[in-house]
Amino acid sequence: MSTETLIVLAVTVAVAAFVQGASGLGFALIVAPVAGLLDPGLVPVFVLASMIPLNLYVAWRERASLDLRGAGWITAARLAATPGGLVLLWVIPDRRLGLFVGAATVLAAVVSLAAPAFTPGRGAYVGAGLVTGLTETATGVGGPPLALVYQHRPPAELRATVAVCFLVGEVASLALLFATGGGDVGQLGWAAALLPALAAGAWLSRLVHHRLDARRMRLFVLVFALVSGAVLMLGV
């Protein structure tokens, strides 16, 4: 990897860590396309491995606001659906899979704009976990379902709970990738090398995360879901 490539990747990781540290979402959406353009071999292990320390930090920082019940249901469903995501990779062409998941994400975000506020229950948690398990394993994008479920909850609760759910999912996805021969140990080295950039972005996020109120957070969630869906549909 050239020095120029390393610098671009470091800046991207720092910006993405800042965004996710402040909002609870966005790291993979920012890093995965850039990493894929710079070196396709970095995806997905590098992205998943980089998110583990970031989500550990966010989960610890916001631990007092964790929705333990919701995280438990989401995680159980997400783990159960992970093998299904691997099956989708085998049976559905990448382009069609991206179109399907992207369209569903955009539709859910549009419906959310008109839907009344709600408090998520077990059905919503399980549904989000199942969809996340399928989409994150198959496409690398798993944030929108969780974000939409928690869009009416306090920002700190969203950040803490999504971080814990992401953390478990990332470990499971990495284990599955390496167990099936789809992982490259060298990508873990690059994730470790860029830890200073990740730490810088995460540290800066602590200066602004408490300033995001519920209204702004919901707007960010809906925009995030719409952009994620569009990225998947366009195959970026």
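This section reports on the structure supplied with the text. Fair warning: this is a prediction, and the values are worked out from it, not measured in the lab.

Each value, and the rule that gives it
Residues numbered from 1 in each chain as written. Predicted model: local features only at pLDDT ≥ 70, side-chain atom pairs only at ≥ 80, totals over all residues. Heavy atoms only, no water. Salt bridge = Lys/Arg side-chain N within 4 Å of Asp/Glu carboxyl O. Buried < 20%, exposed > 50% of the residue type's maximum accessible area, 1.4 Å probe, protein only. Helix = DSSP H or I, 4+ residues; strand = E, 2+ residues; numbered from the N terminus. Phe/Tyr/Trp six-rings, centres within 6.5 Å; stacked < 30°, edge-to-face > 60°. Lys NZ or Arg CZ within 6 Å of the ring centre and 35° of its normal. Patch = residues over 30% accessible without salt bridge, like charges linked within 9 Å, V, L, I, M, F, W, Y side chains within 5 Å. Areas by Shrake-Rupley, 256 points an atom, 1.4 Å probe, with all protein chains shown as cover. Polar contact = N/O pair within 3.5 Å; in protein donor to acceptor, adjacent residues only side chain to side chain. Contact = heavy atoms within 4.5 Å.

**Here's the deal with the pattern of salt bridges**
Phase 1: This structure, assessed with the given rule, holds 3 salt bridges.
Phase 2: Its salt-bridge partner being Arg61, residue Glu62 comes within 3.1 Å of it at the nearest N-O pair. Note on accessibility: Glu62 and Arg61 belong to one class, buried.
Phase 3: Across the pair Glu62 and Arg159 runs a salt bridge whose closest N-O atoms are separated by 2.9 Å. In this pair, Glu62 is assigned in the loop between α3 (45-61) and α4 (68-91) and Arg159 in helix α8 (residues 155-179), connecting sequence segments 97 residues apart.
Phase 4: Residue class for Arg159 comes out buried when judged on its relative accessible area of 3%.

**Examining the packing of aromatic side chains**
Phase 1: Counted by the stated rule, this structure contains 1 aromatic pair.
Phase 2: In this arrangement the basic side chain of Arg63 is found over the ring face of Trp60, its NZ or CZ atom lying 3.7 Å from the centre.

**Observations regarding a nonpolar patch on the surface**
Phase 1: Together, Phe18, Trp203, Leu204 and Leu207 give the surface a local cluster of nonpolar side chains, amounting to about 370 Å² of exposed area.
Phase 2: For Phe18, the position within the fold is in helix α1 (residues 3-23).

**Regarding the side chain of Gln20**
Phase 1: Relative to the assigned elements, Gln20 resides in helix α1.
Phase 2: At a separation of 3.4 Å, a polar atom in the side chain of Gln20 contacts the main-chain amide nitrogen of Gly26.
Phase 3: Contacts of Gln20, omitting those with residues within four sequence positions, involve Leu25, Gly26, Phe27, Met51, Leu54, Asn55 and Phe166.

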